[in-house]
Amino acid sequence: MGLREDMPLLARHEGRWEGEYVHVDPGGAVLDRHRVEMTCAIVGDATYHQTNRYTWDDGRVEVHEFPGRHLGGGRCGFDTDRLKGEFWELDESTIYLRWQFKAEGEDLRLFELIVLSGTGDTRSRVWQWIRDGVCVRRTLINERRVG
């Protein structure tokens, strides 16, 4: 079974998205805010590829590629120079990820939920940054499909 058949919700995320990331501390104070343009694609039977372009009001831009591979059993994994992790579908609208920034070490883990709207034109995402069992940051993301 290919990736599209094994993970039909992931296939519904294919396309271009725009939105905003808001990083907050445990008390809710904003630490950072920036725009995102994202492209999600399934290539062939076993490859997921995501490109994120982040833009800040001060003109900074970062572009990151996130290739993933189908692991079977409804799961995908990714391992880049920057991060590693795994994701799977929880139900008909929700994808769950657990991952790490390699530079941060093993004690910082991130847990993400992505919820796609019923119409498929918007999605919300939240990351919890957990260090040694304590939430040290949250990232709130709202996106809309474009193009």
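Residues numbered from 1 in each chain as written. Predicted model: local features only at pLDDT ≥ 70, side-chain atom pairs only at ≥ 80, totals over all residues. Heavy atoms only, no water.

1. Some remarks on the overall build of the chain
Okay, so step 1: In terms of helices and strands, the chain carries 2 helices and 10 strands.
Okay, so step 2: Going from the N terminus to the C terminus, the chain shows its helices and strands as α-α-β-β-β-β-β-β-β-β-β-β.
Okay, so step 3: In terms of overall size, the chain behaves like a compact globule, its C-alpha atoms giving a radius of gyration of 15 Å where 147 residues would be expected to give roughly 15 Å.
Okay, so step 4: Along the first, second and third principal axes, the C-alpha atoms of the chain reach 45 × 35 × 30 Å.
Okay, so step 5: The proportion of buried residues among the 147 residues of the chain is 41%.
Okay, so step 6: In the chain, 33% of the contacts between residues at least 6 apart in sequence involve partners at least 24 apart. (Helix = DSSP H or I, 4+ residues; strand = E, 2+ residues; numbered from the N terminus. Rg over C-alpha atoms; globule rule 2.2 N^0.38 Å. Buried < 20%, exposed > 50% of the residue type's maximum accessible area, 1.4 Å probe, protein only. Contact = heavy atoms within 4.5 Å.)

2. Focus on the packing of aromatic side chains
Okay, so step 1: Tallied over the entire structure, the rule returns 10 aromatic pairs.
Okay, so step 2: Between the aromatic rings of Trp127 and Trp129, the centroid separation amounts to 6.0 Å while the plane-to-plane angle is 45°, which identifies the pairing as tilted.
Okay, so step 3: Of the residues examined, Trp127 reaches a relative accessible area of 6% and is grouped as buried.
Okay, so step 4: Overall, the relative accessible area of 10% leaves Trp129 in the buried class.
Okay, so step 5: Among the aromatic residues, ring-to-ring pairing joins Tyr21, Tyr54, Trp56, Trp99, Phe101, Trp127 and Trp129 into one connected group.
Okay, so step 6: Across from the ring centre of Trp56, 4.3 Å away, lies the NZ or CZ of Arg60, which sits over that ring.
Okay, so step 7: A cation over a ring is seen here: Arg123 above Trp17, with NZ or CZ 4.2 Å from the ring centre. (Phe/Tyr/Trp six-rings, centres within 6.5 Å; stacked < 30°, edge-to-face > 60°. Lys NZ or Arg CZ within 6 Å of the ring centre and 35° of its normal.)

3. A few points about the pairing of strand β4 (residues 61-72)
Okay, so step 1: Relative to β4, strand β3 (residues 47-55) is paired through 9 bridges, and the arrangement is antiparallel. For Thr47, the partnering residue across the bridge sits in β4 and is Arg69.
Okay, so step 2: Linking β3 back to β4 in an antiparallel pair, the connection comprises 5 residues, with Gly59 at a positive phi of about 100°.
Okay, so step 3: Both β4 and strand β5 (residues 75-79) contribute to a ladder of 3 bridges, which runs antiparallel. Pairing of Gly72 across the sheet is with Arg75, part of β5. (Pairing = 2+ DSSP bridges.)

4. With respect to the nonpolar core
One broad trend across soluble globular proteins is that nonpolar side chains are buried collectively.
Okay, so step 1: In this structure, Leu10, Phe87 and Trp99 are the most contacted members of the largest nonpolar core, which totals 29 residues.
Okay, so step 2: Those residues in contact with Trp99, other than ones at most four positions away along the chain, are Phe78, Leu83, Lys84, Gly85, Arg109, Leu110, Glu112 and Trp127. (Core = buried A, V, L, I, M, F, W, Y, C linked by side-chain atoms within 4.5 Å.)

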